[in-house]
Amino acid sequence: MASMRSIKRRKESVQSTQQITKAMKLVATVKLQKARARVEANTPYFEMLYKVMCSILTKTLISTNPFLNENEGGKTVVIVMSSNRGLAGGFNSNIVKLVDSAGFDKDKTEIYGLGRKGIEGLRRKGFNIGKDDSDVINDPIYDDCIAITKELVEAYLAGEIKDIYVAYTDFQNTVTHVPTLRKIIPISMEDFPEDMLDESDVDKSLTMNYGSTGLNWSTELAAFGTRINFDSPEEDILSQLIPKYMTNIIYGAFLESIASENAARMQAMDSATENADDMISRLSLQYNRARQGNITQELTEIVAGAEALT
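This section reports on the structure supplied with the text.

## Here's the deal with the overall build of the chain
Right, on to step 1. For the chain, the count of helices and strands is 5 helices and 7 strands.
Right, on to step 2. When its helices and strands are written in sequence order, the chain yields α-β-α-β-α-β-α-β-β-β-β-α.
Right, on to step 3. Across the 310 residues of the chain, 44% fall into the buried class.
Right, on to step 4. Taking the contacts inside the chain whose residues are at least 6 apart along the sequence as the reference set, 73% of them involve residues at least 24 apart.
Right, on to step 5. Accessible area for the chain stands at about 16600 Å²; split by element, carbon and sulfur atoms hold 49% of it.

## Considerations on the packing of aromatic side chains
Geometrically, a pair of aromatic rings is defined through the distance of the ring centres and the angle of the planes.
Right, on to step 1. Inspection of the entire model under this criterion finds 3 aromatic pairs.
Right, on to step 2. Arranged with centres 5.2 Å apart and planes meeting at 70°, the rings of F104 and Y165 form a pair that is edge-to-face. Residue F104 is found in the loop between α2 (91–100) and β2 (109–114), and its partner Y165 is found in strand β4 (residues 161–171); the two are separated by 61 residues along the sequence. For the residue pair F104 and Y165, the accessibility class agrees, reading buried in each case.

## Structural notes on the environment of A264
Right, on to step 1. Relative to the helices and strands, A264 resides in helix α5 (residues 234–309).
Right, on to step 2. Given a relative accessible area of 11%, A264 falls into the buried group.
Right, on to step 3. Not counting chain neighbours up to four residues away, the residues in contact with A264 comprise A88, F91 and H177.

## Regarding the nonpolar core
Right, on to step 1. Counting residues in each nonpolar core, the largest one holds 49 residues, and the members touching the most others are I79, M81, L152, I164, I184, I250 and F254.
Right, on to step 2. Among the secondary structure elements, those contributing two or more residues to this core are α1 (4–58), β1 (75–81), β2, α4 (142–157), β4, β5 (177–185) and α5.
Right, on to step 3. Here this core gets 15 residues from one element, more than from any other, and that element is α5.
Right, on to step 4. In this structure I164 touches V77, I79, L152, R182, K183, I184, I185 and M246, once residues within four positions along its chain are discounted.
Right, on to step 5. Counting 13 residues, the second-largest nonpolar core is a separate cluster that includes V80, V96, F104 and I129.

## Observations regarding α2
Right, on to step 1. When α2 is considered as a whole, its buried residues turn out to be F91, N92, I95, V96 and V99. Down the axis of α2, the buried side of the element spans an arc of 135°, and every buried residue falls inside it.

## Section: the side chain of S134
Right, on to step 1. Summarising the element assignment, S134 is placed in the loop between β3 (128–132) and α4.
Right, on to step 2. A distance of 3.3 Å separates a polar side-chain atom of S134 from the backbone nitrogen of G115.
Right, on to step 3. Setting aside anything within four residues of it in sequence, one finds S134 in contact with N84, G113, L114, G115, R116 and I119.

## Regarding the pattern of salt bridges
Right, on to step 1. Overall, the coordinates contain 7 salt bridges when judged by the stated rule.
Right, on to step 2. Between D270 and K25 there is a salt bridge, with its nearest N and O atoms 2.7 Å apart. Residue D270 is found in helix α5, and its partner K25 is found in helix α1; the two are separated by 245 residues along the sequence.
Right, on to step 3. For K25, a relative accessible area of 28% gives the class partly exposed.
Right, on to step 4. A salt bridge links K75 to E110; the shortest N-O distance between them is 3.0 Å. Taken together, the residues K75 in strand β1 and E110 in strand β2 connect sequence positions 35 residues apart.
Right, on to step 5. Through salt bridges with shared partners, a single network forms among D100, K106 and K125.

What counts, and at which threshold
- Residues numbered from 1 in each chain as written.
- Predicted model: local features only at pLDDT ≥ 70, side-chain atom pairs only at ≥ 80, totals over all residues.
- Heavy atoms only, no water.
- Helix = DSSP H or I, 4+ residues; strand = E, 2+ residues; numbered from the N terminus.
- Buried < 20%, exposed > 50% of the residue type's maximum accessible area, 1.4 Å probe, protein only.
- Contact = heavy atoms within 4.5 Å.
- Areas by Shrake-Rupley, 256 points an atom, 1.4 Å probe, with all protein chains shown as cover.
- Phe/Tyr/Trp six-rings, centres within 6.5 Å; stacked < 30°, edge-to-face > 60°.
- Core = buried A, V, L, I, M, F, W, Y, C linked by side-chain atoms within 4.5 Å.
- Arc of directions from axis to C-beta.
- Polar contact = N/O pair within 3.5 Å; in protein donor to acceptor, adjacent residues only side chain to side chain.
- Salt bridge = Lys/Arg side-chain N within 4 Å of Asp/Glu carboxyl O.

Put into structure tokens, the structure is as follows:
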């Protein structure tokens, strides 16, 4: 049996660790509340833009737009969103497993890393890290997504990229976070969920304006399959719309990933705090048993000494 001193020292160490896990849980809880508010604020626009894109693609016959066709011979780019810190349960490892099991050809795939933990995990798996932009994940803003989109779109239009995916963790609620892999470019109707192809939620009269670009159109979505009448060339309009759509997909994935990270860390720290309670209880019991054993031994020695004197 361990000595009383070693048990006491270990108990104090666990108690000190428990104080840290409690503090980390509180911090993660506060951050989760802020991140969740940003997700909820962005969700209506995110979902409506997604549905609008579905509706537009079902009503256009464009097949020559570069954003709708893969570049032969280009590389596959995967934007991987993880975290810069650990202690978040399976948040980072699940993203690494998702990308690793997706069937990408590692020789023709380049990782655009946003989060050091995901980059480290995928590098160990043999993936090529094309860019490390981990600082962005600390506090992403929409301008960061615009810059990322611009860089990737230029490479895609130059024929350097075959297709673009984004891997992130979808935040559904505090306890449910789903690793998700979504194809961004080229856009295909096969990539949209079937429930998104229902136009009932899209306004019957849709007017979109791009301000300084001067591109606008209006349409009546009366029946599925009705062509959209564009005021400007369809190619020009889609070439302006799709990068904006891509930017919002990346921004939405940012927000979902950050909310999921803080929720996962809050759960992990809560479990760690509970485990520390269990360890402290067991160590207290061991300490009391060791103390009782020492007292019993001392009493036995005193009695034996007294008997020897008589």
